[in-house]
Every structure is written in C-alpha cells, then in structure tokens.
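# Breakdown of the fold
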Amino acid sequence: MDQRTRSPRPSRTRPPRLKLPWLDRAGRLSWLKLLTFLLVLVPGLWIAFSWWMGWYQPKPVTEAIHQTGLWTVRLILASLAVTPLRRIGNWPQLILIRRMLGVAAFTYIALHFSLYCLDQQFDLGRVASEIALRIYLTIGFVALLGLAVLAATSTDAMVKRLGRRWQPLHRLIYAITPLMLVHFFLQSKIDVTEAVLMAGMFVLAFGYRLMHRLGIPLKPLPMVGMALVGGLATALIETGWYATTTGAPWRLVLAANLDFDVAIRPAWWVCAAGLGLAAVAALRLRKTSLPSGRTGRVAMEAG
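Residues numbered from 1 in each chain as written. Predicted model: local features only at pLDDT ≥ 70, side-chain atom pairs only at ≥ 80, totals over all residues. Heavy atoms only, no water.

## Concerning the packing of aromatic side chains
All told, the structure shown has 10 aromatic pairs when counted by the stated rule. Judged by centre distance (5.6 Å) and plane angle (50°), the ring pair of W46 and W55 falls under tilted. Judged by relative accessible area, which is 48%, W55 ranks as partly exposed. Directly above the ring of W71 sits R74, whose terminal nitrogen or CZ lies 4.6 Å from the centroid. (Phe/Tyr/Trp six-rings, centres within 6.5 Å; stacked < 30°, edge-to-face > 60°. Buried < 20%, exposed > 50% of the residue type's maximum accessible area, 1.4 Å probe, protein only. Lys NZ or Arg CZ within 6 Å of the ring centre and 35° of its normal.)

Right, here's the structure in full:
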C-alpha cells in the first residue's frame, strides 16, 4: 500500500490587529483614553463646522491656518503637562494619554501646513521659497519636521527598536516647543497675548521638570515659588517682546500687569495655574497623611 506523504500546511500568520486608540495595553477599554480621543477631535470638528457656517469669512483659509496652529501649541503644552500632573497629583494613569496628545498635536500641525499649501494654491515651488525667505516660516517648518520625527518614533515598535536612544530623542520636544512659540509670536504681530500665555505655561512645565531633575520635591511651598517665578517670567517675556518690537517703554508695559481695569494679563493666569497645582499638591499630602494621623489617635484612645 502506497504511503502518501503529506506536505506540511503553510503556517498562517495572523495580520496584526489594529489597535484602537481608546484601548489600553491589555486591550481593555480605557475611559480616560476614549475621553481624550474625543476631546482632541473637537477642535478639528469645530474648525470644519465654523468654516462651513461661514464664520471664518472673509479669509476662511487664513483663519483655519491660525486655528490649527493654535491648537497644535495647546496640545503640545497639554502633553508636556502630563508628567508634572502625574507626579503632583499622583495620577499614574495620565501616562496613558501622553502619546495620544503628542500625535494629535502632529496631526494639527500637518493640517496647519496643508492649509498653508492650499492658501498658496499648492504651488510647492512658491511654498518652498516662502519657507526659505521668511524666517518665521523657516522656524515653523523646522518645528513641523521635529514633530514629524517624534510622531513617527512614538509607536511601541520604535520605542523597542531605539532602546535607550528613544528618551533622549523625545526630549527634543523641549527644543521644538520654543521654536513653535517663536513662530507663534512672529505671526501674531501686534497682539501676542495668547502667545505670551502659551510661553508662560511652557515655563511652568519646564520648571516642574527642572525641579524634579534637581531633586527639588514637588511639594506646596516649592511649587508656590515656581508659580511666582512662572508669572514673573511671563511678564518679562511680554515686556521684552513689546519693548523690542514696538519700542514701547518697558516700565509701562511691565506696569500694565498691575492694571486690572482693561484685562487680566497672561502673567496672572500663569501664576494662578501654578498656585492651583500647588493646591493640588497640598491636598494630596493631606490625603496621604490622614491614615497615619487617624491611627495615632486610635492608639492614644486605646492607651
């Protein structure tokens, strides 16, 4: 009887499953990631809706460029705030949304650049010449390239592939963000209130990182000091900008921070944000100290 040799069946490799952005590493639904995913979509949907409704007239493309750029900076600052908030409030789960915020920021800056190309009728030669000749566009394009590199290397596979090189690479965000802020200042021209506010928030985020690196505890008193430093730095940034670009007397610009009749200047908002985080740190310390205090009282009563 003839024996027929069966050829081994080719092994079927399953295609990698598409990992949905609202799932955690274990594949479970993360409500925090789902909420963050929906929130980062809102600005883009609002920009599209406003354009469709005609609210961006008479220059809808120009306004959409401005709005996408603004949300790029906001999302970058939100991603930089994740680590300090995680440490200050003892919220380790916040680390789940840092990558999503960073990728969302790149998505908005890519849309920002695409809209600029649309504004130039997709004349890529003209786009290239404008980037080369206008310093604020050169700075913005360098920031775009930097964010593209960070977004491309943000996947789990790239983290594993780069190994120890991944973290130093992604620290470049602390160089890319100032570039975006300079671009923001230069294109804002006269009114730089929003740009000053964003710069102040970056000072706070970088200050908390510096405190951690120097071994300064993120406790209420040092954080109150950081809030005051951040507010003062914001006032000096605003003063320096207006004094340099408009020739306004620096004393008058600095004194405007004490005039609340017109508007509350960005320095006060930055200081308030820092004081709010100091209050969060105080509440966390009070919460962690409650069990030991109660235990002590029970022991005294038993004695």
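Once the structure has been displayed, the description carries forward.
## Section: the pattern of salt bridges
All chains considered together, the criterion is met by 4 salt bridges. Of the charged contacts in the structure, one is a salt bridge between E194 and R74, with a shortest N-O distance of 3.1 Å. Placement of E194 in helix α9 (residues 193-213) and of R74 in helix α2 (residues 60-89) is noted, with a sequence separation of 120 residues between them. On the accessibility criterion, R74 (27% relative accessible area) is partly exposed. (Salt bridge = Lys/Arg side-chain N within 4 Å of Asp/Glu carboxyl O. Helix = DSSP H or I, 4+ residues; strand = E, 2+ residues; numbered from the N terminus.)

## Looking at the nonpolar core
Where a protein is soluble and globular, its nonpolar side chains tend to be buried together. Among the nonpolar cores identified, the biggest contains 48 residues, and L80, I173, Y208 and M223 are the most heavily contacted of them. Where this core is concerned, the elements lending two or more residues are α2, α3 (98-119), α5 (135-152), α8 (173-188), α9, α10 (220-245) and α12 (266-302). When residues of this core are assigned to their parent elements, the largest contribution, 10 residues, is made by α9. In this structure, I47, V61, A64 and I65 belong to the second largest nonpolar core, which totals 11 residues. (Core = buried A, V, L, I, M, F, W, Y, C linked by side-chain atoms within 4.5 Å.)

## A closer look at the confidence of the model for the chain
Low pLDDT marks regions whose predicted coordinates should not be analysed in detail. Of the residues in the chain, 89% have a pLDDT of 70 or more, and the chain-wide mean is 87. Under a pLDDT of 50 for its full length, residues 295-303 has, in the predicted model, 0 contacts with residues more than four places off or in other chains. (pLDDT = per-residue confidence, 0-100. Contact = heavy atoms within 4.5 Å.)

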